[in-house]
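Structural description and commentary
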Amino acid sequence: MDRDTGRTDPGASVSPDRADALRIQGLRKSFGPHQVLRGVDLTVAAHEVICLIGASGSGKSTLLRCVNLLERIDAGTIWLDGQEITGRGVDENAVRRHIGIVFQSFNLFPHMTVERNVTLAPMKVLGLSRAEAAAQAAELLNRFGLGEKRADYPDRLSGGQQQRVAIVRALAMRPRLMMLDEVTSALDPELVADVLDVIRELAEGGMTMLIATHEMGFARDIASRVCFLADGEIVEQAPPDRLFSEPSDERTRRFLRRIVDAGRM
Amino acid sequence: MQAQRFPEQGLPDLSARRSRLLGDGSRRGLLLSTTSTVVVLAALVAVFLLAPGSAQVRHTFFNPTDMWQALVGDPKAGYYSVGEALWLNIRMFVAAEIGILIVGLFVAIIRQSTGPVLLPLRVVATVYVDVARGVPLILIIFAIGFGAPALRLTVISDQSAAVYGVAALVISYSAYVSEVYRAGINSVHRSQVAAARSLGLSQWASMRYVILPQAIRTIIPPLLNDFISLQKDTALVGLLGAIEANKAAELYSDTVFNYSSYVVAAILFLILTIPLARFTDHLIRRDQARRLAGAPGVSGTGQ
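Residues numbered from 1 in each chain as written. Chains lettered and ligands numbered in written order. Predicted model: local features only at pLDDT ≥ 70, side-chain atom pairs only at ≥ 80, totals over all residues.

Notes on the overall build of chain A
Just so we agree on the cut-off: Only DSSP runs of H or I with at least four residues qualify as helices, and only runs of E with at least two residues qualify as strands; both kinds are numbered from the N terminus onward. The globule rule used for comparison is 2.2 Å times the number of residues to the exponent 0.38, while the radius of gyration itself is calculated over C-alpha atoms. A residue is called partly exposed when the number of other C-beta atoms within 10 Å of its own lies between 12 and 20, exposed at 12 or fewer, and buried at 20 or more, with C-beta atoms placed from the backbone.
In terms of regular secondary structure, chain A is built from nine helices and 10 strands. On C-alpha atoms alone, chain A measures out to a radius of gyration of 18 Å, which is about the 18 Å that the 2.2 N^0.38 rule sets for 265 residues. Viewed in the frame of its principal axes, chain A has a C-alpha envelope of about 50 × 45 × 40 Å. In chain A, which comprises 265 residues, the share counted as buried stands at 47%.

Okay, here's the thing in structure tokens:
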């Protein structure tokens, strides 16, 4: 297989002394006749922040959903902390326990208070007592400025607040890897900054993250590495200053030019 | 759970409710609607009173003395109190309703399951729903009420007519209610399942804590609709000999040759069903108002 095309920049490869938090090899996924991922290779080291950029439909979301086993993959292998999670007989609930994912549309549970949204999985999956889970939720909510929203229902919150609650809900599972799927795309512009600040704080705290985003400025700021996806492949990956200023692939150049023309960078 | 979720929404105020009933609520509208109502009612009463057989119908169906006697009953004269018999309808209704809610949910969850291991159960559940919905309730009542005793099994064959009747009601209604549950489960957006599963919750835990609570909210009005109809259908159990309201009315008319007892039974059933119907309407309206108000979370743009 010629899957090495994804690794155009050897400088971006992972130093051998750090364990790979996530490794994806030859990942393929089709929906009917439509091939969304045509062999994706990606390695993420612990504490790395990877931003996935690319046009809508380039497969960013599908890639994240495959890693979280929300989609059944057609081919390829995924390892989490060195353990294969795509093999037969893998307990998908156990895998998901270690991977947090936050969606574009928040997907908070509308019939539960903010606190219950955050404590449900720690109680039911990790077996925390109500008091432990509540204490942890209070701490996380306070940290992200949501302390007084604890007893509110999601429909009382702004989009930005809801998305921050969704991030806290994922964090409450103490994941080893956080995946964010265009988490600011559904927000009004003035609400985006708050959410990005939260993500920035996580990055500074050393969280390993895989972020699909349209916010190029943010990706440039925060990413240790940026991957450009097109046609179901990682066309190019490099540290942000290199990828944004001197992209080597023609498709990357064309995509970035369109972004600049649209006034988004 | 309901009130808790939308603490800001109390009962709609009375004037709003009245205007919905009477039209636009203005003085002129009120006058018009009152007049037309009076005219229509007067016309109906006139037709009834002026019909050639009016006196006879009034005597046979609406005789106050007979109505009172049927209501209170007189065992020595060979007939039971329709009012007391209604108590059996109520008990059968409550017992059947509990059974239906449980069996219906069970069937719905089986039909929604995806695992290959559960395929045989899914087939059984699907066949059951098709058959139970397709066979008239009255035939199911006969089949259980006459079939179970004929088997001469211990316990199963030794029950009262009311118990067989409740069993038949549960068998018939659970099929409908399982479809209502299924519609509710399917109405919860797939992204909720993804959110629940992505947190590591098992399929069962996702159903129990995330999907079902939301599904049940949307299906309460259609469920209550089915239960209004269940209240009336308890009358069919009288066919097995259980002395419920309709059967008691029948015994009265057989004894005294006056049908006013049936009108008493009808009025008693109305007293049971109308509050439930009004309550259902209230819930549907509240749900609509909620949807019109729009949940800020859905658009994602906040308040």
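Some points on the overall build of chain B
Heads up, the rule is: In this description, any two residues whose backbone-derived C-beta atoms lie within 7 Å of each other are considered to be in contact.
Helices and strands together make up the secondary structure of chain B, namely 14 helices and zero strands. Along chain B, helices and strands appear, N-terminal first, in the series α-α-α-α-α-α-α-α-α-α-α-α-α-α. Here chain B holds 303 residues, and the buried ones make up 30% of them. The long-range share in chain B, meaning contacts at least 24 apart out of those at least 6 apart in sequence, stands at 71%.

What about the nonpolar core?
Spelled out, the test is: For our purposes the nonpolar core covers buried Ala, Val, Leu, Ile, Met, Phe, Trp, Tyr and Cys residues that link as a set through C-beta atoms within 7 Å.
In terms of nonpolar packing, the biggest core is built from 142 residues, with Ile 50 and Leu 52 of chain A together with Val 82 of chain B touching the most fellow members. Element by element, the count of residues in this core is highest for helix α9 (residues 161-187) of chain B, at 16 residues. With residues near it in sequence (within four places) discarded, Ile 50 of chain A still touches Val 44, Met 209, Leu 210, Ile 211, Ala 223, Ser 224, Arg 225 and Cys 227 of chain A.

Examining the sheet that holds strand β8 (residues 208-212) of chain A
All names here are of chain A. Our working rule: Only strands that DSSP links by at least two bridges are regarded as paired with each other. Every axis in this analysis is a line fitted to C-alpha atoms, fitted for helices over the stretch in contact. Angles between the N-to-C directions lie between 0 and 180 degrees.
Taking strand neighbours across the sheet as the criterion, the six strands line up as β6-β7-β8-β3-β9-β10 in an open arrangement whose pairing is mixed. For this open sheet the edge positions go to β6 (99-102) and β10 (233-238), each flanked by a neighbour on one side alone. Within this sheet the neighbouring strands show an average axis-to-axis angle of 20 degrees, counted without direction. Taken strand by strand, helix α5 (residues 159-171) contacts β6 and β7 (177-181), and its axis lies near 170 degrees from that of β6.

Here's the deal with the interface of chain B and chain A
It is common to give the size of an interface as the accessible area lost on bringing the parts into contact. Heads up, the condition is: Ten residue types, Ala, Val, Leu, Ile, Met, Phe, Trp, Tyr, Cys and Pro, are classed as nonpolar, four, Asp, Glu, Lys and Arg, as charged, and the remainder, Gly among them, as polar.
Between chain B and chain A, the contact holds 23 residues from the first and 30 residues from the second. Residue assignment for the side of chain B that touches chain A shows that the elements contributing at least two residues are α10 (190-198), α11 (203-233) and α14 (296-299) of chain B. With six residues, α10 of chain B is the single largest residue contributor to the side of chain B that touches chain A. Of the residues assigned to the side of chain B that touches chain A, the class counts are 10 nonpolar, 11 polar and two charged.

Some details on the pairing of strand β2 (residues 34-45) of chain A
Residues and elements named next belong to chain A. With nine bridges joining them, strand β1 (residues 20-31) and β2 adopt antiparallel strand pairing. When the bridges of β2 are listed, Arg 23 appears paired with Thr 43. With antiparallel pairing between neighbouring strands as the criterion, β1 and β2 make up a hairpin whose turn holds two residues, including Gly 32 at a positive phi of roughly 60 degrees.

A short note on the sheet that holds strand β4 (residues 75-80) of chain A
If you walk across this open sheet you meet the four strands as β2-β1-β4-β5 (chain A), and the pairing is antiparallel. At either margin of the open sheet sits one strand with a lone partner, and together these are β2 and β5 (83-84) of chain A.

Quick look at the confidence of the model for chain B
Under the convention used in this document: Confidence of the predictor at the level of single residues is captured by pLDDT, which takes values from 0 to 100.
Averaged over every residue, the pLDDT of chain B is 85; residues scoring 70 or more account for 87%. Taken as a whole, residues 294-303 of chain B scores under 50 in pLDDT and shows 22 contacts with residues more than four places along the chain or in a different chain.

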